[in-house]
Amino acid sequence: SIPLTDDHGQLWFGSISVGTPAVTYTVDFDTGSSDLFLPGPNCSSTCSGHTIYNPLTSTTSKDLGGTFTLTYGDGSTVEGELYSDTVSIAGLSATGQTLGAASQYSTGFAKSQFPADGLLGMAFQSLSDYRASPVFQTLVSEGRTSEPVFAFKLATSGSELHIGGTDSKAYTGEFSYADVVLPAYWQVIMDSIQGNGHASLFSVNCIIDTGTTLVIGDTFSVDLLYSEVGGTDASDTVGEGFYTFPCNNVPKVSFTFSGKSFPISPSTFNLGPVAVGSPDCVGGIVASSIITFWIVGDVFLSNVYTIFDFGNIRVGFADLA
Ligand SMILES: *[C@@H]1O[C@H](CO)[C@@H](O)[C@H](O)[C@H]1NC(C)=O
């Protein structure tokens, strides 16, 4: 297990080490992408404040002679050059791991907005822009893990990433598993979404994404959900796709996977008042007109213990201990 730091419920990050001699970096462990990047030596002002990965000072680095440009769901971009090197998580080392040394970060990755140095993708290789084995698959193919699984606890305290198994102290009961329908993202079908105890949305196509803060759904479904729980479209005031509700009546929303219902606690669902002292609060489920599947991010994932199972190509959820 490695401990994860909670950045105000926005993102969770932890440490990896890269190169020889090994240097420690912090990364956002993102199950919604498949590539690893760190700030490189050519990244000046836009990477300022982050720890730089310099391939020239690592005896195990290799210049792969290619460039990369990555774009993330929030519009953030990063570009740079491709290298391979030794990458270690929780003491397990992946050798010859492809990684990007960035020469440019967009403002979304600036230190003030993104406290981690870089980002480590944990989805399937088919999603890799580098067309390379992601770090966890390299660990598995090099025989470093006892089981081909990893698991997350994302909470306000005691958050952790467990590599090669699960932490039996972090959860209770059995896992409720959903099979991955298309191994690129961790994409599964959620049985249903309940608003105030009433199931209104069924067979919801979604990706399980630790790298996204909120839960994002299609406009039609999200509007239906909020109409049932007393929410109001606040696109004109809070921001496109956001909804509000009375702060003294937080909607009770739960997600059901493989027959088991997991509630989203009021404290994670409620993003807080629209403005200081306002009686209206902002909901953690937002609508997007451009997505084809729901993105189940930390607003939900911080309520459960989640296992990502490469061996059986499925995702499992259990109650937190
Ligand atoms: C930095 O830029 C120089 C000059 O363009 C290039 O030769 C070198 O490969 C770059 N280094 C990295 C790590 O991107």
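What you are looking at is a predicted structure, and each value in this text was computed from that prediction instead of being measured.

A. Layout of the pattern of salt bridges. In the structure shown here, the tally under the stated rule is four salt bridges. As a salt-bridge pair, glutamate 142 and arginine 144 come within 3.4 Å of each other at their nearest N and O atoms. A relative accessible area of 27% places glutamate 142 in the partly exposed class. The salt bridge partner of arginine 314 is aspartate 309, with a shortest N-O separation of 2.9 Å. A relative accessible area of 3% means that aspartate 309 is categorised as buried.

B. Molecular detail of the state of the cysteines. Under the defined criterion, the tally for this structure stands at two disulfides. With its sulfur 2.1 Å from that of its partner, cysteine 247 forms a disulfide with cysteine 281. An S-S torsion of about 105° defines the bridge between cysteine 247 and cysteine 281 as right-handed. Linking cysteine 247 in the loop between β18 (243-246) and β19 (253-257) with cysteine 281 in strand β22 (residues 280-283), this pair joins segments that are 34 residues apart in sequence. Overall, cysteine 247 belongs to the partly exposed group, its relative accessible area being 24%. Sequence-ordered numbering of the disulfide-bonded cysteines in the protein gives the connectivity 1-2, 3-4.

C. Spotlight on the domain arrangement of the protein. Entries for the protein in the domain assignment read domain 1 (2-163) and domain 2 (171-320). The gap between the C-alpha centroids of domain 1 and domain 2 is 26 Å. Between domain 1 and domain 2, the contact holds 23 residues from the first and 23 residues from the second. When domain 1 packs against domain 2, close to 2,000 Å² is buried across both sides, 62% of that on carbon and sulfur atoms. Three residues, Thr31, Phe124 and Leu154, lead the burial of domain 1 against domain 2; their summed loss comes to 31% of the area buried on that side.

D. Local environment of the sheet that holds strand β1 (residues 2-3). Taken together, six strands build an open sheet; the order of strands is β1-β11-β10-β25-β26-β12 and the sheet is antiparallel. Looking at the sheet topology across the chains shown, the edges are occupied by β1 and β12 (171-179).

E. Just the site of the ligand, in detail. Around the ligand, the surrounding shell consists of Pro41, Asn42, Pro55, Glu81 and Tyr83. Contact distances for the ligand include 2.9 Å between an oxygen atom and a side-chain N or O atom of glutamate 81. Look at the ligand: alone it shows 360 Å² of surface, and the protein chains cover 53% of it.

F. How the structure looks around the nonpolar core. Phe29, Ile208, Phe255, Phe257, Ile285 and Phe300 are the most contacted members of the largest nonpolar core, which totals 73 residues. Tallying contributions element by element places strand β15 (residues 198-208) first for this core, with five residues. In this view, phenylalanine 255 contacts Met190, Ser192, Ile193, Gln194, Val215, Lys260, Ser261, Phe262, Ile264, Ile285, Val296 and Phe300; residues no more than four positions away in its chain are not counted. The next biggest cluster of nonpolar side chains, apart from the first, holds 18 residues, and it includes Phe13, Tyr105, Leu119 and Tyr130.

G. Focus on the side chain of threonine 306. Following the sequence through the fold, threonine 306 ends up in strand β25 (residues 304-309). Here threonine 306 is in contact with Phe150, Ala151, Phe152, Ile208, Leu301, Val315, Gly316 and Phe317, once residues within four sequence places are set aside.

H. Local environment of the packing of aromatic side chains. Tallied over the entire structure, the rule returns 32 aromatic pairs. Between tryptophan 186 and phenylalanine 308 the ring centres are 5.2 Å apart and the planes differ by 70°, which places this aromatic pair in the edge-to-face class. Residue tryptophan 186 is found in strand β14 (residues 186-195), and its partner phenylalanine 308 is found in strand β25; the two are separated by 122 residues along the sequence. Taking the relative accessible area as the measure of exposure, tryptophan 186 reaches 0% and is therefore buried.

I. Quick look at the UniProt feature "domain: Peptidase A1" (unreviewed entry) in the protein. What UniProt calls "domain: Peptidase A1" (unreviewed entry) maps, in this numbering, to residues 12-318. Helix makes up 8% of residues 12-318 and strand 48%. Its end C-alpha atoms lie 19 Å apart.

About the cut-offs
Residues numbered from 1 in each chain as written. Predicted model: local features only at pLDDT ≥ 70, side-chain atom pairs only at ≥ 80, totals over all residues. Heavy atoms only, no water. Salt bridge = Lys/Arg side-chain N within 4 Å of Asp/Glu carboxyl O. Buried < 20%, exposed > 50% of the residue type's maximum accessible area, 1.4 Å probe, protein only. Disulfide = S-S within 2.5 Å. Helix = DSSP H or I, 4+ residues; strand = E, 2+ residues; numbered from the N terminus. Domains from an automatic or database assignment. Contact = heavy atoms within 4.5 Å. Buried area = accessible area lost by both parts, 1.4 Å probe. Pairing = 2+ DSSP bridges. Near = heavy atom within 4 Å. Polar contact = N/O pair within 3.5 Å; in protein donor to acceptor, adjacent residues only side chain to side chain. Areas by Shrake-Rupley, 256 points an atom, 1.4 Å probe, with all protein chains shown as cover. Core = buried A, V, L, I, M, F, W, Y, C linked by side-chain atoms within 4.5 Å. Phe/Tyr/Trp six-rings, centres within 6.5 Å; stacked < 30°, edge-to-face > 60°. UniProt positions renumbered as here; feature names shortened; annotations may be inferred.

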